[in-house]
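Summary of structural features
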Amino acid sequence: MQKAKRLEGLTSAVFADMEQKKDLVAARGVGIINLGIGSPDMAPALHVIERLQKEIADQGNYGYAITGLPELLEAIAHWYANRFGVELDPQTEVVDLIGSQEGLAHISLAVINPGDVVLVPDPGYPIYSAGPLFAGAKLYYLPLLESNNYLPDLDAIPAEIRRKAKMIVLNYPNNPLTATADLDFFQRLVEFAHENQILICHDAAYSELAFDGYTPPSILQVPGAREVAVEFHSCSKTFSMAGCRVGFMSGHADVVSWLKTVKSYTDYGIFKPIQYAAIAALTGPQTYVQETARRYQRRRDVLIDGLRSIGWQIEKPKATMFVWAPVPAGYSSQEFAIELLEKTGVVVLPGIGFGPAGEGYVRIGLVQPEDALQEAVDRLAKSGIFVRPATA
Ligand SMILES: Cc1ncc(COP(=O)(O)O)c(C=O)c1O
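Note that the structure is predicted; figures quoted are calculated from it, not measured. (Residues numbered from 1 in each chain as written. Predicted model: local features only at pLDDT ≥ 70, side-chain atom pairs only at ≥ 80, totals over all residues. Heavy atoms only, no water.)

**Considering the environment of Val 289**
- Tracing the sequence through the fold places Val 289 in helix H11 (residues 287-309).
- Placed 141 residues apart in sequence, Val 289 and Asn 148 show a C-alpha to C-alpha distance of 30 Å.
- Not counting residues within four places of it along the chain, the set of residues in contact with Val 289 comprises Glu 208, Thr 238 and Phe 239. (Helix = DSSP H or I, 4+ residues; strand = E, 2+ residues; numbered from the N terminus. Contact = heavy atoms within 4.5 Å.)

Laid out in C-alpha cells, this is it:
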C-alpha cells in the first residue's frame, strides 16, 4: 500500500516527535507538566452540563441531526448580535460545525480547485495549510513577523499571486503567536479581498479569551465583509467544550451554502444533546466566559512573572491561552523544547512545528492550573538551563 501524495506536504512530524519524547521521559518516572496541548482543562458552566444531561436522557435525541437545529443557528446569530453587533440570517449566513477544525478542513473542498493558490500564515495553526493541501491547492506563505506586529504584509504579495489566489486564511487573536488584529487591519484586509476577489477565512477561535480589558473584534463588523469573508468560531475555548465538538462558521451566504453541501456528504451533523448544550452556552449567562478569561489571565501572570523573575523576558499576550516565548540563546526551538522536557518534564511546542517563521520561539499553553505553572517555573529555575535571551 502507498499513502496518498497529499499527506506528504504535512508538517506534523515535529509535534509527533515531541509526543514520543514526552512518553519516553514519562516512562522514566518523571512527572510531566504538559503545556504543549491546546485543550482547555476547565469544565463547562454548570447550566451547560445540566442541559446536556437532560437532553441525553431524552430518547428522541438519538437520530441523525443531519443539519444544525434551527434553534442552534438562531442562538449563534443571537450571540453574534450581542457580542459584535453583527446581524446574521441564521438560515443562510450560519452553519454549525463539528468543531471549527472540521469546517477549516472542509472549507477548501467547497471553494478550491486543484492548482488554485491559497494564502496561508507562517507560522500558522496546521489545518490552515493542510485543508487547502487536501483540496490540491498551491500554498503561498505569508510570513507573520514581529516587525509588522505579526500581521501579513498584504502590499508585499506579488501581483501574479494576488491574481491566482482564491482564498486567504488568517487568525486573530492568533495561535500560536498570541498577536491580535484591530478593526483597521480587518478593514484593509476586506478591501484587499474585494480588490482581488479573494475569500477571507478568518478563524476567531480565541476571540473570547482576552485580557486586561481588551475586546477582540470580528471581521464581520467591517462593512462589506460578508461579501468576501467567512468567520470561524468554536465553543471549545470560549465555553470549555473542546471534547463536545461544536463550532460554527458565518458570513458569505454562498460560501455557507457550499460548505453545507460538502457537509451533507461528509457528516450527518452534531449529536443533538451537544447542540442543545451549545444553545445553553450561547444564550445563557456569559459570566462564565468572563471568568474563564480571568482565569487564563491569572495563569498568564503567574507563568510570565515567574519566568521573568528567573531572567526569561517574555511579552504578556493580550489574548489566547498561549504564551509565545523567544527561545534562549544557543538553541533552535526544537533543541530547547527537548532540553526543557528532558531536564524538567515540562512540555512546550517548538515554534518550527507551526512553520519556518516560527523558528526561534516556543509555544507554552496556559492549560494547567496556577500551581502547576508555578511548579514549571520552579523546575526550570533549578534545572540549570540558562534562559537569558539571545540579545541579553
Ligand atoms: C486557532 C484554532 N482554530 C481552531 C481550532 C480547533 O478548534 P475546535 O475544537 O473548534 O475544532 C483550534 C484548536 O486548538 C485552534 O487553536
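**Points about the sheet that holds strand E9 (residues 322-326)**
- Strand order in the open sheet formed by three strands is E9-E12-E11, and the pairing between neighbours is antiparallel. A single partner strand is all that each edge strand has here, and the edge strands are E9 and strand E11 (349-350).
- Taken together, the two bridges between E11 and strand E12 (residues 361-365) define a ladder with antiparallel strand orientation. Its bridge partner being in E12, Leu 349 is matched across the sheet by Arg 363.
- This element, helix H12 (residues 333-344), spans E11 and E12 of the sheet and lies at about 45° to E12. (Pairing = 2+ DSSP bridges. Axes fitted to C-alpha atoms, helices over the stretch in contact; angles between N-to-C directions.)

**Brief notes about the site of the ligand**
- The local shell around the ligand holds 15 residues, among which Asp 203, Ser 234, Ser 236, Lys 237 and Arg 245 are the closest.
- Interatomic distance of 2.8 Å between a backbone N/O atom of Ser 100 and an oxygen atom of the ligand.
- One of the backbone N or O atoms of Gln 101 is found 2.9 Å from an oxygen atom in the ligand.
- For the ligand, whose free accessible area comes to 400 Å², the fraction covered by protein is 93%.
- Of all elements in the fold, only helix H4 (100-111) and helix H8 (235-238) reach the threshold of two or more residues within the shell around the ligand.
- Of the residues forming the shell around the ligand, the biggest block, three residues, is contributed by H4.
- Across the shell around the ligand, the residue classes tally to five nonpolar, seven polar and three charged. (Near = heavy atom within 4 Å. Polar contact = N/O pair within 3.5 Å; in protein donor to acceptor, adjacent residues only side chain to side chain. Areas by Shrake-Rupley, 256 points an atom, 1.4 Å probe, with all protein chains shown as cover. Nonpolar A, V, L, I, M, F, W, Y, C, P; charged D, E, K, R; others polar.)

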